[in-house]
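The chain contents come next:
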Amino acid sequence: MKKPVKSDEVIFNFFKQICDEKNDQKCVELGNNWIRAMEKSLTSMETNLDENNKIKHKINIQSNRDHLESLKGKSSSEWREYATKCMIEILDNKV
């Protein structure tokens, strides 16, 4: 029987990959891939919301977009630091 994949495990492993990447350029590429994937996910979620929920969640959606925008242009060391913080947060919130 297959064990279901938890999204926090996938995210944790992606951030671990960023931290473990020795090649600085590849590390930045992984970070930029993260931004693109999250932007795509936000757009998809927003598209699937009805008008009332779009209004209700407008501030949260924009906050997430702003956060992603702030990640653009990070160096490899900044990406590793960010990824480490995210991994710690995932572990701290694990039940």
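Higher on the page you've got the structure.
None of these values were measured; they are calculated from a predicted model.

A. Highlighting the packing of helix H1 (residues 7-20) against helix H5 (residues 76-92). At a minimum axis distance of 8 Å, the contact between H1 and H5 shows a crossing angle of 150°. Judged by the angle between their axes, H1 and H5 are roughly antiparallel. Judged by the sense of rotation from one axis to the other, the crossing of H1 with H5 is left-handed. Residue-level inspection shows Asp-8, Ile-11, Phe-12, Phe-15, Lys-16, Ile-18 and Cys-19 of H1 in contact with H5, the latter providing Trp-79, Arg-80, Tyr-82, Ala-83, Thr-84, Cys-86, Met-87, Ile-90 and Leu-91. Its residues assigned to classes, the contact of H1 with H5 comprises 12 nonpolar, one polar and three charged.

B. Examining the pattern of salt bridges more closely. Counted under the stated rule, the structure contains seven salt bridges. Residue Glu-69 is joined to Lys-72 by a salt bridge in which the shortest nitrogen-to-oxygen separation is 3.1 Å. A residue is classified by how much of its surface remains accessible, and Glu-69, at 46% relative accessible area, is partly exposed. Between Lys-85 and Glu-81 there is a salt bridge, with the nearest N and O atoms lying 3.3 Å from each other.

Rules behind the numbers
Residues numbered from 1 in each chain as written. Predicted model: local features only at pLDDT ≥ 70, side-chain atom pairs only at ≥ 80, totals over all residues. Heavy atoms only, no water. Axes fitted to C-alpha atoms, helices over the stretch in contact; angles between N-to-C directions. Helix = DSSP H or I, 4+ residues; strand = E, 2+ residues; numbered from the N terminus. Parallel < 35°, antiparallel > 145°, perpendicular 65-115°, else oblique. Left-handed = near helix turned anticlockwise from the far one by under 90°. Contact = heavy atoms within 4.5 Å. Nonpolar A, V, L, I, M, F, W, Y, C, P; charged D, E, K, R; others polar. Salt bridge = Lys/Arg side-chain N within 4 Å of Asp/Glu carboxyl O. Buried < 20%, exposed > 50% of the residue type's maximum accessible area, 1.4 Å probe, protein only.

By themselves these figures say nothing about function.
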